[in-house]
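Analysis of the macromolecular model
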Amino acid sequence: MCLQSTRGDNRSKMRVLSVTAQKPCSTGSGVYLTEVVRSLAKMGVSQAVVAGVTREDRVDMPEGVTVYPVYFSSEKLPYPVVGMSDEMPYTSTRYRDMTEEMAGQFKAAFLEVLDEAIEKAAKASGYNIEVLPANDKEAIEEGVKYVNNDACYPSILVIGQMIHALKSGKYDPEKTALIITQTGGGCRATNYVGFLKKGLREAGFPDVPIISLNTLGMEKQPGFTISYELIKKLMMGIIYGDLFMRVLYRVRPYEVVEGSANKLYEYYREKAFENLINGSKSEMNKIVKEIVKAFDTIEINNEVKPKVGIVGEILVKYHPTANNNIVDVLENEGAEVVVPELLDFFLYCCYNSKFKNRYLSGSKITKTVCDIAISYIEAYRKFVIKELQNSERFGYPTTISHLAEKAANVVSLGNQTGEGWLLTGEMVELIENNVNNIVCIQPFACLPNHVTGKGMIKALKAKYPLANIIAVDYDPGASEVNQLNRIKLMMSVAFKNLKLPQENYDYKKEVKIDINTLRTNNI
């Protein structure tokens, strides 16, 4: 049973969604659930029920309670309603007799109906959020004024962007709040709110409220709640963004008609924006199918270019201002760019609870919640993966457990500060998928990335001799000339490797080494 309450403790504002995989009026647990629903209905609580039934069943619930049936003995679930006991008051399928295929059908059917139930029950998010521009060089100068230069580059850039926006006059400080994410770990991103409060005071905006977007209960803001609808739409936006990166970067370097890939992207970006407003999952699946088909059939040439992966600190990796438009730089140098999914970072944060529960003091409840979150997120992008698998040109995302398995061969999964072991896992995954040229980018002051990013380069080159990896630092005072020179040097090696005879050009060639005896501090 999932309980959600809106502002205040009034029972009439409480909304309850009850879920049962069995017939709600037949078994002991079903009868218990029905009585709970009836009792809550008498208290004026708004309710809905998701239940496993057949089309012939009649579900008797109090007036005002919405029932969302999951139909067994149907095309989606071609077997009787499930049950736990050997003898049930109806024809049933015992859980222990379910095959892996049946369990997959069960999970997919319930997730689909759950999504429909929550979507219809949830109110519109009601937040007018504006994302600050991706290209904002003036924000760097603003950030340096208010953030100590020994802080990491992302904090300087993010806080500079927010203060610069308030100073622009576009926003009324008395009607504007700033929202910023917090990781809650050892990374200095946890301290962004403190940096921002100090900067706002010094810039003359002490009364502008700050909202911390996190799941750990830090910096609570009574006027803001994270609703399911908001989380769902944020996740949809990330999935769209990851898909656009994959398909656009794959075809743009080879387009026959210059600008055709960007034009196609802009068209579908607007359709994605419209979909995010209504939050329809079925519409999203339709648009995803169209996107993959459109980019899979756009006219491209047969030129062979070196593939270059971009990994590193999360903000610098995806923010064009922070990385000096590295995607454009690499494409101008003749590369096809490959960028790992942003969604994997959130999956990584959830996956870390496994290690914490097993080896540290992490709770089992937290691990269970995170396991459910991983299952839900990966199920949500399952349709995207299916469409990419059916395409001619595109690869597709792997599971977070697979990335963890790859990373564990090189670095401990206990490295969970910042991007931690995910960064190493992304590099291994890129190399083993024919992307052996990698730019590892990070702020100069980002200590975790120097361990699991730059610090792993020697180990990876020893394990994969053809790996062509460079580390590039980004900071307000970093020399763009030096950055460009390092990238050009990496590209010269990439083009040289393209000329190797095919039989000698094995991206996946691996040398067995003892990582424990390999020094990685002298790169």
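For the structure, check the block above.
Report on the accompanying structure. Everything quoted here is computed from the prediction, not taken from an experiment.

**As for the packing of aromatic side chains**
Tallied over the entire structure, the rule returns 14 aromatic pairs. Plain terms: the ring middles of Phe 106 and Phe 110 are 4.8 Å apart, the flat faces sit at 40° to each other, and that makes the pair tilted. With Phe 106 and Phe 110 both in helix H2 (residues 100–121) and four residues apart, this pair spans about one turn of that helix. There is no split in this pair, since Phe 106 and Phe 110 are both buried. Ring centres of Phe 345 and Phe 346 lie 5.9 Å apart, and the angle between their planes is 85°; on these two criteria the pair is classed as edge-to-face. Relative accessible area serves as the criterion here: at 37%, Phe 346 is assigned to the partly exposed category. Between Lys 305 and the ring centre of Tyr 254, over which it is positioned, the NZ or CZ distance is 5.7 Å.

**Focus on unusual backbone geometry**
If you check the backbone angles, Asn 325 has positive phi at about 55° while not being a glycine. Taking the relative accessible area as the measure of exposure, Asn 325 reaches 28% and is therefore partly exposed. Despite not being glycine, Asn 434 shows a phi value in the positive range, around 65°. Judged by its relative accessible area of 36%, Asn 434 falls in the partly exposed class.

**A look at the packing of helix H8 (residues 281–297) against helix H13 (residues 382–389)**
Interhelical geometry of H8 versus H13 gives an angle of 25° and a closest axis separation of 10 Å. Overall, the two elements H8 and H13 adopt an arrangement that is roughly parallel. Seen from above, H8 lies across H13 with right-handed handedness. Residue-level inspection shows Asn 285, Val 288, Lys 289 and Val 292 of H8 in contact with H13, the latter providing Phe 383, Val 384, Glu 387 and Leu 388. Here the contact of H8 with H13 is composed, by residue class, of five nonpolar, one polar and two charged.

**Points about the pairing of strand S9 (residues 307–312)**
The buried fraction of S9 is high, at five of six residues. The pairing of S9 with strand S10 (residues 336–338) spans three bridges and is classified as parallel. In the sheet register, Val 308 faces S10, and the bridge partner there is Val 337. Bridging between S9 and strand S11 (residues 437–443) involves five bridges; their strand directions are parallel. From the neighbouring strand, Val 308 faces S11, where its bridge partner is Asn 437.

**Things to note about the pairing of S11**
Most of S11 is tucked away, with seven of its seven residues classed as buried. Across the two faces of S11 the burial is the same, with Asn 437, Val 439, Ile 441 and Pro 443 and Ile 438, Cys 440 and Gln 442 all buried.

**Notes on the sheet that holds S9**
In space, the four strands of this open sheet follow the order S10-S9-S11-S12, with parallel pairing throughout. Each having just a single partner strand, S10 and strand S12 (468–474) make up the two edges of the open sheet. Taken over all neighbouring pairs, the strand axes of this sheet differ in orientation by 25° on average, direction set aside. The strands that helix H18 (residues 480–498) touches are S9, S11 and S12; relative to S12, the one it contacts most, it runs at about 170°.

Conventions adopted
- Residues numbered from 1 in each chain as written.
- Predicted model: local features only at pLDDT ≥ 70, side-chain atom pairs only at ≥ 80, totals over all residues.
- Heavy atoms only, no water.
- Phe/Tyr/Trp six-rings, centres within 6.5 Å; stacked < 30°, edge-to-face > 60°.
- Helix = DSSP H or I, 4+ residues; strand = E, 2+ residues; numbered from the N terminus.
- Buried < 20%, exposed > 50% of the residue type's maximum accessible area, 1.4 Å probe, protein only.
- Lys NZ or Arg CZ within 6 Å of the ring centre and 35° of its normal.
- Axes fitted to C-alpha atoms, helices over the stretch in contact; angles between N-to-C directions.
- Parallel < 35°, antiparallel > 145°, perpendicular 65-115°, else oblique.
- Left-handed = near helix turned anticlockwise from the far one by under 90°.
- Contact = heavy atoms within 4.5 Å.
- Nonpolar A, V, L, I, M, F, W, Y, C, P; charged D, E, K, R; others polar.
- Pairing = 2+ DSSP bridges.

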